[in-house]
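Summary of the model geometry
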Amino acid sequence: MTVWDDLVGQQRVSDQLAAAARDADALVTAAAADAPPPEASRMTHAWLFTGPPGAGRNQAARAFAAALQCVSPDRALGGAPGCGFCDGCHTALIGTHADVNTITAVGAVIRVSDMRDTVRKSFTAPATGRWQVILVEDAERLNESSANAVLKAVEEPAPRTVWLLCAPSVEDVLPTIRSRCRHLNLSTPSVDAVADLLVRREGIEPDVAAAAARATQGHVDRARRLATDPAARERRAAVLKLPLRVQDIGSALKAAQELVDAAAEDAKQLAEQRDTKETDELKAALGAVQGGRLPRGTAGVVKELEEMQKRRRTRTQRDSLDVALTDLTSFYRDVLALQLGSRVAIANADAEDALERLARDNSPESTLRRIEAIDACRDALDRNVTPLLAVEAMTMALRAG
C-alpha cells in the first residue's frame, strides 16, 4: 500500500506528485553529494491543492508530505518514494512526524498568532527528515495578517522547506501567494470509487458502502463516517425529516432549535475527550502534580489553551451544522430533479417517499427558493451570525417556500 492509495479518483494528481517526489529525492541526493542539482525538476517549494469538499485536498497534501519524508530502503534500489510502510511515511500520515507541521483553522480564521511559530520554524533546516513540510489545511481561512506572514515565508523559503496549501479554489487564496505556488486541482471522485474504497480499506459491507457514497455524493470523509458511525446516520435521518416538519411557525422554530442542539451535542462529544487529553498533557509538561496546583506563572498558558479549545468547539459546531445544511441541499436537489423529470441519480433514495410527496405538492420555483434559503443560512454562519438565528430564518423560509 503506497501513500497514494487513498487518493480516490485522482490518478492524474497522484502521478504528478509521485514524479515531484522522485525529483525531490534527486535534489536531496545531489545536495548530500555536493553535486549540482538536476537541470529540470518537477519539484518546487510551494504547492496549492484545490478542489470541492470531499475531493481529498488534505489527503493529497499529506500523502505528498509522506512521500517527501520516505526513508524506505527500497529507494536505494530504484523504488519510488512514498512506500507507505516506513517510519517516515507512517509518522507523516498520522501527523506525528517532527518535520511535518500541520496548521488547521481552530476558529473561523487562522490568526497570525496561530502561524507565528510555524512561520519561524519554516526558516530552519529539517530536524530528522529530508524536508521541512508546512501543511496549511484551511488556507482560505487565513486572515490578512496571517496571509501576509505566509507570503513572506513562501517568497524566500529555506532550501529544504516545502509549503503545502489547501483551499476550495484558487480565488480563496491571495493572488500574491497563489502566484508563487504550483497549482493542483482535484475533482470530486465518483460514487462507485468512494464505495470501493470503503469496502477495501474499511471492510464495509458493499450495500452500506454504496448507500453512504451515494448519500454524500463522493465526499470521502463524510461517506466514511456515515458508513461507520450509527450516530451520524441517525443525525442525517433526522435532518431529512425536517422538510416535512416545517408546516407551521411553531414546528419551524422547534426544528431549528433541534438542529442547532444536535450540532452542539456533536461538537461536545468530539471535543470532550480531546480537550481533556490536551489539558492533562499540558499540565504535565508544565510540571503540575496530578491533582495539585500549577507552577507559578503558568496559568496564562493553560488559559490560552482553553481559549483555543473554545474556538475549536465553535468551529466544530458550525462544521456539524454545515453537514446538516449540505444534506438538506441534497434533499431539495433530489426534489427538483423529480419535478423536472431529470435522469440524475437520486442521492437520498432512503427518503424517496418524502421526496415524491414534496415534488408532487410543490413547484420547481419553490424548491429553488428553498435551496437559496439554505445557501443564505450557510452565508450567515460564515459571517458569524448566531447559529440559532440563522437556522430559524432558514426553517421559516423552508416553510414559506
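Residues numbered from 1 in each chain as written. Predicted model: local features only at pLDDT ≥ 70, side-chain atom pairs only at ≥ 80, totals over all residues. Heavy atoms only, no water.

1. Remarks on the environment of L165
The line we're drawing: Numbering of helices and strands runs from the N terminus, with a helix taken as a DSSP run of H or I at least four residues long and a strand as a DSSP run of E at least two residues long. Each residue gets one of three labels from its accessible area relative to the maximum for its type: buried under 20%, exposed over 50%, partly exposed in between, using a 1.4 Å probe on protein chains only. We call two residues in contact whenever any of their non-hydrogen atoms come within 4.5 Å of each other.
Counting through the fold element by element, L165 comes out in strand 4 (residues 161–167). L165 sits in the buried class, given a relative accessible area of 1%. In sequence terms L165 and H90 are 75 residues apart; their C-alpha atoms lie 21 Å from each other. Not counting the four nearest positions on each side in its chain, L165 is found in contact with W47, L48, F49, V136, A139, I177 and C181.

2. Side note on the packing of helix 8 (residues 206–216) against helix 9 (residues 220–228)
Helices that pack against each other are described as a pair by the angle of their axes relative to one another and the distance between those axes. What counts, and what does not: All axes here are fitted lines through C-alpha atoms, helices being fitted over the stretch that makes contact, and every angle between N-to-C directions spans 0 to 180 degrees. Working rule for angles: under 35 degrees goes down as roughly parallel, over 145 as roughly antiparallel, 65 to 115 as roughly perpendicular, anything else as oblique. Working rule for handedness: look at the near helix, and if it is turned counterclockwise from the far one by less than a right angle, call the crossing left-handed; if clockwise, right-handed. Only Asp, Glu, Lys and Arg are considered charged, only Ala, Val, Leu, Ile, Met, Phe, Trp, Tyr, Cys and Pro nonpolar, and every remaining residue, Gly among them, polar.
Where helix 8 contacts helix 9, the axes come no closer than 8 Å and their chain directions differ by 135°. Overall, the two elements helix 8 and helix 9 adopt an arrangement that is oblique. Every pair of crossing elements has a handedness; the one defined by helix 8 and helix 9 is right-handed. Residues V208, A212, A213, A215 and T216 of helix 8 form the contact with helix 9, whose participating residues are R222, A223, L226 and A227. Within the contact of helix 8 with helix 9, the residues separate by chemical class into 7 nonpolar, 1 polar and 1 charged.

3. Here we look at the side chain of Q132
Turning to its location among the elements, Q132 is positioned in strand 3 (residues 132–136). With relative accessibility at 1%, the residue Q132 sits in the buried group. Excluding residues within four positions of it along the chain, Q132 makes contact with A98, D99, N101, K121, S122, T124, A125, P126, R160, T161 and V162.

4. A closer look at the sheet that holds strand 2 (residues 100–103)
In plain terms, the rule: Strand pairing is defined by DSSP finding a minimum of two bridges between the two strands.
A sheet is described by the order of its strands in space; here 5 strands give the open sequence 2-3-4-1-5, paired in parallel fashion. Looking along the sheet, the strands with just one partner apiece sit at the ends: strand 2 and strand 5 (182–185). For this sheet, the mean angle separating the axes of adjacent strands, direction not counted, is 15°. Where strand 2 meets strand 3, 4 bridges bridge the pair, whose relative direction is parallel.

5. A few points about the pairing of strand 3
For the record, the criterion: Orient the strands so they point away from the viewer, and a crossover whose first-strand-to-second-strand path over the helix runs clockwise is right-handed.
Most of strand 3 is tucked away, with 5 of its 5 residues classed as buried. Along strand 3, one buried face is formed by Q132, I134 and V136 and the opposite face, lined by V133 and L135, is buried too. Relative to strand 4, strand 3 runs parallel, the two being bridged by 5 bridges. Across the sheet, the residue bridging to Q132 is T161, located in strand 4. In this fold, the crossover linking strand 3 to strand 4 by way of helix 5 (residues 144–155) has right-handed handedness.

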